[in-house]
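Secondary and tertiary structure notes
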Amino acid sequence: MKYEFHRGITTRQAVANINSVFSIQVATNATVARWFKKFRSGDFDLSNEPHGRPKTHIDNDVLKTTVISSQSARQLSLMYNVSK
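Every value quoted in this text rests on a predicted model; they were computed, and no experiment measured them. (Residues numbered from 1 in each chain as written. Predicted model: local features only at pLDDT ≥ 70, side-chain atom pairs only at ≥ 80, totals over all residues. Heavy atoms only, no water.)

What follows covers the overall build of the protein. In terms of helices and strands, the protein carries five helices and zero strands. If you list the helices and strands of the protein from N to C, you get α-α-α-α-α. Looking at the protein as a whole, 20% of its 84 residues qualify as buried. In the protein, once contacts between residues fewer than 6 apart in sequence are set aside, the share between residues at least 24 apart is 36%. When the accessible surface of the protein is summed, it comes to about 6800 Å², and 54% of that surface belongs to carbon and sulfur atoms. (Helix = DSSP H or I, 4+ residues; strand = E, 2+ residues; numbered from the N terminus. Buried < 20%, exposed > 50% of the residue type's maximum accessible area, 1.4 Å probe, protein only. Contact = heavy atoms within 4.5 Å. Areas by Shrake-Rupley, 256 points an atom, 1.4 Å probe, with all protein chains shown as cover.)

In structure tokens, the structure reads:
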């Protein structure tokens, strides 16, 4: 995508070029548009932004004590702000 951006082509042309190389749809208009927007702002870092829920550190000893107290998975998830 960075190469296509530097070529100065449109998002749609970049999608067509990228997908033609791989013979399957690996790029979408939305994805390429998001990256092109990032590049236009001067950010050429190719790392993906973090996504998903933020990692939460839970002390294992506290967790073991809590689990032994026979609380439900739902109660524990609410208590520690994590998924079941």
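The next subject is the side chain of Lys38. Along the chain, Lys38 turns up in helix α3 (residues 29-40). Given the relative accessible area of 14%, Lys38 is considered buried. Setting aside residues no more than four positions away along its own chain, Lys38 makes contact with Asp43, Asp45, Ser47 and Glu49.

At Ser23, a residue that is not glycine, the phi angle is positive and equals roughly 60°. By relative accessible area, Ser23 is classed as exposed at 65%.

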